[in-house]
Amino acid sequence: MASLNFCAECNNLLYPEVDRNNHVLLYACRNCNYSEESRESMVYRNDLMSISKEQPGVIDNLMKDPTLARTQELTCPECAHSEAVVFQDQSKRILNKMILFYVCCRCNYLFRDPPRPAPAEKPGE
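Summarised in this report is the structure supplied together with it. These figures come from a predicted structure and were not determined experimentally.

**Some thoughts on the nonpolar core**
Counting residues in hydrophobic clusters, the biggest one holds 7 residues: Cys76, Ala84, Val86, Leu100, Tyr102, Cys104 and Phe111. Contributing elements (two or more residues each) for this core: β5 (84-88) and β6 (100-104). Here this core gets 3 residues from one element, more than from any other, and that element is β6. In contact with Leu100, not counting residues within four places along its chain, are Val86, Phe87, Gln88, Arg112 and Asp113.

Right, dumping it as structure tokens:
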């Protein structure tokens with residue numbers, strides 16, 4: 001597992017560096033001349049999660065954020081208050097629809113966008 005390494009002399013962060021003459025990976029300090037050979041060949045690891053799901057994210061004190069959109073068109077299912085903060089889910093979407101979350105400005109209850117009724121077919125179609 002890749003982790004941060006620190007200089008033994010000045011405690012600054014060590015950065016990966018390649019010693020092309022000896023063909024080794026080093027960690028070197030940019031503040032002093034200290035360097036050490038790496039114990040691992042991995043410098044950085046990026047784990048990607050392929051599961052995408054609806055995530056509301058952190059909802060603490062969202063009602064105090066002046067930059068978020070607000071609506072008074074829906075009532076809170078918990079306390080029937082009419083004002084809520086609106087935001088999108090945090091998942092990355094390619095094929096799925098955008099999902100809106102609402103947080104009640106009175107009780108901080110999180111609820112989702114209500115399902116829309118299917119469009120009615122016009123006569124003759």
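**Brief notes about the pairing of strand β2 (residues 24-29)**
A regular strand carries its side chains on alternate faces of the sheet. Of all 6 residues in β2, 5 are buried; the element is thus mostly enclosed. By the bridge criterion, 6 bridges tie strand β1 (residues 14-19) to β2 in an arrangement that is antiparallel. Within β2, the position partnered with Asp19 by the bridge is Val24. Where β1 folds back onto β2 in an antiparallel hairpin, the turn is made up of 4 residues, including His23, whose phi is positive at roughly 55°. For β2 and strand β3 (residues 35-37), the ladder comprises 3 bridges, and the chain directions are antiparallel. Considered in β3, the bridge of Ala28 is made with Ser35. Hairpin connection between β2 and β3: a loop of 5 residues separates the two successive antiparallel strands.

Calculation criteria
Residues numbered from 1 in each chain as written. Predicted model: local features only at pLDDT ≥ 70, side-chain atom pairs only at ≥ 80, totals over all residues. Heavy atoms only, no water. Core = buried A, V, L, I, M, F, W, Y, C linked by side-chain atoms within 4.5 Å. Buried < 20%, exposed > 50% of the residue type's maximum accessible area, 1.4 Å probe, protein only. Helix = DSSP H or I, 4+ residues; strand = E, 2+ residues; numbered from the N terminus. Contact = heavy atoms within 4.5 Å. Pairing = 2+ DSSP bridges.

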